[in-house]
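Structural characterization, general
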Amino acid sequence: MISILKRNRIKETVSFMLGILLLGFLIQLAGSLKGDRLVFPGVPEILKAFFVLLGKPETYRLILTSMKHLIQALLIASLIGILVGIPEGYSDLVRSLFKPFMIFLRSIPMIVMVVIIMVLTKYTRVPVIATTLFLIPLISEAVCEGYRNMDRNLIDVYRLNGSMSLYVLTHVHLPLMAGYLKQAYISAVGMGLKLVVSTEYLVQTKNSLGKAVYSSSYFNEYEEIYAYALIMIFLVLIVSGVPALMTKVFRRRA
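A brief look at the structure comes next. This is a predicted model, so every value here is computed, not measured. In every chain, residue numbers begin from 1 and rise along the written sequence. In keeping with the model being predicted, local features are shown solely for residues with a pLDDT of at least 70 and side-chain atom pairs are shown and tallied solely at 80 or more, while totals for entire chains, interfaces and linings include all residues. Water and hydrogen atoms play no part in the side-chain values, which are based on all heavy atoms of the structure.

Focus: the pattern of salt bridges
What counts as a salt bridge is simple: a side-chain nitrogen of Lys or Arg found within 4 Å of a carboxyl oxygen of Asp or Glu. Throughout the structure, instances matching the rule amount to 4 salt bridges. The partner of E58 in a salt bridge is R61, with the nearest N and O atoms 2.6 Å apart. You can see E58 and its partner R61 sitting in helix α3 (residues 57–90), 3 residues apart, about one turn around the helix. Each residue's exposure class comes from its accessible area (1.4 Å probe, protein chains only) as a fraction of the maximum for that residue type: buried when under 20%, exposed when over 50%, partly exposed otherwise. Take E58: its relative accessible area is 30%, and that puts it in the partly exposed class. With a closest N to O distance of 2.4 Å, R148 and D92 form a salt bridge. Taken as a pair, R148 in helix α6 (residues 126–148) and D92 in helix α4 (residues 92–107) lie far apart in primary sequence, 56 residues in all. D92 sits in the exposed class, given a relative accessible area of 52%. Look at the salt bridges and you will find they share partners, linking R95, E141 and E145 into a network. Only DSSP runs of H or I with at least four residues qualify as helices, and only runs of E with at least two residues qualify as strands; both kinds are numbered from the N terminus onward.

Next up, the structure:
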């Protein structure tokens, strides 16, 4: 069994590396077809810029700022998503009540939402607030579906021993929803980082990846833009491993 899991992981790793090579080939091909090495620099130039950025202390300050925004947005969206998702799963009436609001958050263009938030609050708060609002429907829907698909026999047994409480939520409901939450968070991490960097770009947040991308585009340093994209890809891969770890913890509590 262990050997099978190891082989599967090796295959996934090899496939991922081939995917990176394919991405590099497509960028190289686009540069050849377009005939514009400024916008589509070669893979060696991108890799050189990537390693140069990794060698600068400033890069890690930019990463820290953007990751702080992402973590804050995920925590707030998780709290609101759980508080909304459980009542939605419990009651069709509550789900219908919140449905227009969730549709609004999922369908409104990001630029419109960001502009509204920029008018209502300080620019420094925009990345966290905008990202939080876009992630709430994703997490609440996962919580709702997880609650609706829990084993009702287990829920009835715990109801005999007491009513809903924080202990029951963390030791019963969340562990039983772990699979749904894991998939939601994997999607939320990638989407959240894109939203954070995009809003940082729009509001010119100091010492952030979004501001760095804006500066690189302003000075036509496109190899740095692709290098920052590589950094964000690796950040998503690293942070995406957290949901799997949380799932294991919750299942041990169940």
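Describing the nonpolar core
A general feature of soluble globular proteins is that nonpolar side chains tend to end up buried together. What makes a nonpolar core is a set of buried Ala, Val, Leu, Ile, Met, Phe, Trp, Tyr and Cys residues whose side-chain atoms join them at distances within 4.5 Å. Judged by nonpolar contacts, the single largest core of 39 residues is most densely connected at L209 and Y228. Sorting the residues of this core by element identifies α2 (43–54), α3, α6, α9 (178–203), α10 (209–218) and α11 (222–253) as the ones contributing at least two each. A per-element tally of this core places α3 first, with 9 residues. L209 has contacts with L62, I63, S66, V197, E200, Y228, M232 and L235, leaving out every residue within four places of it along the chain. In this structure, V114, I117, V126 and A130 belong to the second largest nonpolar core, which totals 10 residues. We call two residues contacting when some pair of their heavy atoms lies within 4.5 Å.

Structural notes on the packing of α4 against α6
Every axis corresponds to a line fitted to the C-alpha atoms, with the helix fit spanning only the stretch in contact, and the corresponding angles, defined between N-to-C directions, vary from 0 to 180 degrees. Closest axis-to-axis distance for the α4/α6 pair is 9 Å, and the angle between their directions is 150 degrees. With respect to α6, the axis of α4 lies roughly antiparallel. The handedness of the crossing between α4 and α6 comes out as left-handed. Touching D92, R95, M102, L105 and R106 of α4 are L133, F134, I136, P137, S140, E141, C144, E145 and R148, all from α6. When an angle is under 35 degrees it counts as roughly parallel; over 145 it counts as roughly antiparallel; between 65 and 115 it counts as roughly perpendicular; any other value is oblique. It is the rotation of the near helix from the far one that decides the hand of a crossing: anticlockwise by less than a right angle makes it left-handed, clockwise makes it right-handed.

As for unusual backbone geometry
Even without glycine at this site, Q204 takes up a positive phi of about 60 degrees. Structurally, Q204 is set in the loop between α9 and α10.

Some words on the packing of α3 against α9
Between α3 and α9, the least distance of the axes is 9 Å, while the angle of their chain directions is 125 degrees. Looking at the two axes, α3 sits oblique to α9. Here α3 and α9 pass one another in a crossing that is right-handed. Of the residues in α9, those touching α3 at T65, S66, M67, H69, L70, L74 and S78 are Y185, A188, V189, G192, L193, V196 and E200. For this classification, Asp, Glu, Lys and Arg are treated as charged, while Ala, Val, Leu, Ile, Met, Phe, Trp, Tyr, Cys and Pro are nonpolar and the rest, including Gly, are polar. Grouping the constituent residues of the contact of α3 with α9 by class yields 8 nonpolar, 5 polar and 1 charged.

With respect to α2
If you check α2, its first and last C-alpha atoms are 16 Å apart, about what 12 residues at 1.5 Å a residue would give, namely 16 Å. When α2 is considered as a whole, its buried residues turn out to be I46, A49, F50 and L53. One side of α2 holds all its buried residues, which, seen down the axis, span an arc of 105 degrees. α2 presents P44, K48 and F51 as exposed residues on the side facing more than 90 degrees away from its buried surface. Expected span of a helix: the number of residues minus one, times 1.5 Å. What the arc measures is the spread of directions leading from the helix axis to the C-beta atoms.

Looking at the packing of aromatic side chains
Stacked, edge-to-face and tilted are the three classes for Phe, Tyr and Trp ring pairs, Trp counted by its six-membered ring, which pair at centre distances within 6.5 Å; planes under 30 degrees apart are stacked, over 60 edge-to-face, the rest tilted. Per the counting criterion, the structure on display carries 6 aromatic pairs. Their ring planes at 70 degrees and their centres at 5.2 Å tell us that F50 and F51 sit as a pair that is edge-to-face. On the basis of relative accessible area, F50 is assigned to the buried category, the value being 10%. Under the relative-accessibility criterion, F51 is labelled exposed at 55%. Joined through ring pairs, the aromatic side chains of Y201, Y214, Y218 and F219 make up one cluster.

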